[in-house]
Structure formats: C-alpha cells, structure tokens
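# What the coordinates show
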Amino acid sequence: MEDDVLYSEERGDGTPLLLIHGFGVDHRILASLSSMIDDLGGWRQIFIDLPGHGKSPAEDVNSSQDVVDAVESWIRGHLGGESFAVLGNSFGGMVARCVAHDMREQVLGLATLAGVFVNDHDQRSLPRTTVLHEDPELIASLGAMAEDYTQMAVVQNAEHAAAFEKYVLPGLKSSDREALKRISAHYSLDQEPEDAHPEPFARPSLFITGRQDQVVGYTDAWNRIEHYPRGTYTVLDAAGHNVHLEQSKITEALVREWLRRVRED
C-alpha cells in the first residue's frame, strides 16, 4: 500500500498525537476526545482511517499484519523521524502497541481504550455478557440502529445511544465488508508486540478497560502490566467495549493525565 493511501484528518498544532480506531468503524469513534485534547493545547491530533475503513481503500491489505504495515508506512511517509504519541481503540489498540514497539525510538507514549491484547478470539478471557440497565422504550425508539447499539451497550440510556449514533454508527455504515472478512481470516499476528520486543516499554502509558467488556475483556491487558513500568491501568465498571463513550468523563480525565505525563517526560 502506498504511503498516501490512508485517509487522515488533523486538528490543532504541536506534538503529533496519532489516534487509531477499532475494527469495522472509522476515525469518528475517537472524535469524542477531540475537544478535551484541544483544551489542553500543544497537541496535533491526527485521525486516520485504517485500510478498508471509512475513506481509506483496502487495496491489497489482507491481514492484521498488513494493517500494521500500512500504518507504519504512513507514519514514516507523513511524520518522518518526528516523535509522536499514539492512542488506539480496540483493534486500533493492538495496532498502536505494534507501532509503539516497532517505532519505539519515536514514540513518546502509548494509550489503549478497550484495546485488543489477545488476537485469537478463542483465547481471550471474557466476562459474561451483561446489561446493567435496560431501557426497552429507548430501544424501541432507535429503529434500525437498535440491533447495533444493543450488541455493545452495558447501560442503555439516551445519552449513550446518542453518542453511539454520532461516533460509532457512521463508521459501521462506511466500512468495506469484504475487506473486513479478509482481514478477519488472518486476524492474529505472528507474535504479540511485547513478545517480539521483550524489553519493557518505559514511556508513559495508559490502559483503560471495561469491566463488562465482552469483546476483549480486561484481564488480558492486565497480564501485560509488568511490561509497562510507566503504565496506568484501570478497569471501569458500568462500561463495555465502548468504554470511552459509556464512561466518558473519567476516560477524558485519564487521557488528560496521560498526556500530561507524556509532555512532562
């Protein structure tokens, strides 16, 4: 894939902060963090669409490793040797971990939100599917969106549904389903980045997990805690795989604190 194939949007000036979305959505799922980061100042937010997602064509990408390679090629083409921080959500968390280890000398800090830590779905440690608060009347009002929303919602309410519609649904509608099938068939990496690069990652890090996340869970992330000596780990109750939308205020506070640590470091 050519360096300039990935679609990107930028906001603000300062140190680059690369934000990488999850599987089957697009960059808009992380846009809820943008105003908070703007308020901090000094960060150049760079949102990309992964191959086969949003406005980025799949080209010849057929595996998770191909996705990682495409992102790292894009970084080299657009940032050169410039230092940057990286934040990834879900599948994008796995991509961000690979970037942080493969490009360690440039990476100022790493954060994941409900990040994938075990690629093989059958090997993940997952809590049972739980809905802490049901709102049948709300669900009935959502129309065609209801099925997608209820697959992830741990606390069903109007605020969370509105966030899902604004930040998640557009990406679900725009992804290349055939490309996603190809990548899904080769979802696992040959090695997890912490195993491929066993030296601890000693830059400021943040790992936010959802206690009711039935997609990637939370314990697999915590199993890597010793690899990240500067890592803040948190598991948030009343939050599933869209933890940053269901627990938005505390997520923003934690990301803000992580960016402070990155800047001071």
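Before going into details, it helps to say that this report is about the structure given with it. (Residues numbered from 1 in each chain as written. Predicted model: local features only at pLDDT ≥ 70, side-chain atom pairs only at ≥ 80, totals over all residues. Heavy atoms only, no water.)

Let us now look at the pairing of strand β2 (residues 15–20). On a regular strand, one side chain projects to one face of the sheet and the next to the other, so that they alternate. Of all the six residues making up β2, five are buried; the element is thus mostly covered by neighbouring parts of the structure. Sheet topology note: the β2/strand β3 (residues 43–48) ladder contains six bridges and is parallel. Residue pairing in the sheet places Pro 16 in a bridge with Arg 44 of β3. The pairing of β2 with strand β4 (residues 84–89) spans four bridges and is classified as parallel. (Buried < 20%, exposed > 50% of the residue type's maximum accessible area, 1.4 Å probe, protein only. Helix = DSSP H or I, 4+ residues; strand = E, 2+ residues; numbered from the N terminus. Pairing = 2+ DSSP bridges.)

So, on to the pattern of salt bridges. Under the criterion given, the structure shown has 14 salt bridges. With its nearest N and O atoms 3.7 Å apart, the salt bridge here joins Arg 44 to Glu 82. Here Arg 44 is found in strand β3, whereas its partner Glu 82 is found in the loop between α2 (64–79) and β4, with 38 residues between them in sequence. Residue classification places Arg 44 among the buried residues on the basis of a relative accessible area of 18%. Under the relative-accessibility criterion, Glu 82 is labelled partly exposed at 33%. For Asp 195, the salt bridge is made with Arg 224, and the minimal N-O distance between the two is 3.1 Å. Here the residue Asp 195 occupies a position in helix α8 (residues 193–196), and Arg 224 occupies one in the loop between α9 (219–222) and β7 (231–236), the gap between them amounting to 29 residues. Look at Asp 195 and you get partly exposed, because its relative accessible area is 40%. Through salt bridges with shared partners, a single ionic network connects Arg 97, Glu 192, Glu 194, Asp 195 and Arg 224. (Salt bridge = Lys/Arg side-chain N within 4 Å of Asp/Glu carboxyl O.)

Here we take up a nonpolar patch on the surface. A cluster of nonpolar side chains, contributed by Trp 222, Ile 225 and Val 235, occupies part of the molecular surface with about 210 Å² of accessible area. As for its position among the elements, Val 235 is in strand β7. (Patch = residues over 30% accessible without salt bridge, like charges linked within 9 Å, V, L, I, M, F, W, Y side chains within 5 Å. Areas by Shrake-Rupley, 256 points an atom, 1.4 Å probe, with all protein chains shown as cover.)

This part covers the nonpolar core. Taken as a class, soluble globular proteins show a tendency for nonpolar side chains to be buried jointly. Formed by 39 residues in total, the largest nonpolar core has its most connected members in Leu 17, Leu 30, Ile 37, Leu 87, Leu 142, Val 255 and Trp 258. Sort the elements by how many residues they give to this core and helix α6 (residues 158–174) lands first, with six residues. Not counting the four nearest positions on each side in its chain, Leu 87 is found in contact with Leu 17, Leu 18, Leu 19, Ile 20, Leu 30, Leu 33, Ala 96, Ala 111, Leu 113, Val 255 and Trp 258. Ranked by size, the runner-up nonpolar core spans 36 residues in total, among them Ile 20, Cys 98, Ala 100 and Ile 183. (Core = buried A, V, L, I, M, F, W, Y, C linked by side-chain atoms within 4.5 Å. Contact = heavy atoms within 4.5 Å.)

We now examine the sheet that holds β7. Taken in spatial order, the seven strands make up an open sheet running β1-β3-β2-β4-β5-β6-β7, and their pairing is mixed. Of all the strands in the sheet, just β1 (8–11) and β7 have a single pairing partner and so form its edges. Here the average twist between neighbouring strands, direction ignored, is 15°. Helix α11 (residues 248–264) rests against β2, β3, β4, β5 (107–113), β6 (205–210) and β7 of the sheet, and its axis sits at about 165° to β6. (Axes fitted to C-alpha atoms, helices over the stretch in contact; angles between N-to-C directions.)

So, about unusual backbone geometry. Of note, Glu 59 is a non-glycine position whose phi angle comes to about 50°, a positive value. One non-glycine residue, Ala 114, lies in the positive phi region at around 50°. If you trace the backbone, Ala 114 turns up in the loop between β5 and α4 (136–141).

With that settled, consider the pairing of β6. Here β6 lies mainly inside the structure; six of its six residues are buried. Both β5 and β6 contribute to a ladder of four bridges, which runs parallel. Bridged to Ala 111 within β6 is Leu 206. As paired elements, β6 and β7 share six bridges and run parallel to each other. Residue Ile 208 lies in a different strand from β7, and its bridge partner there is Thr 234.

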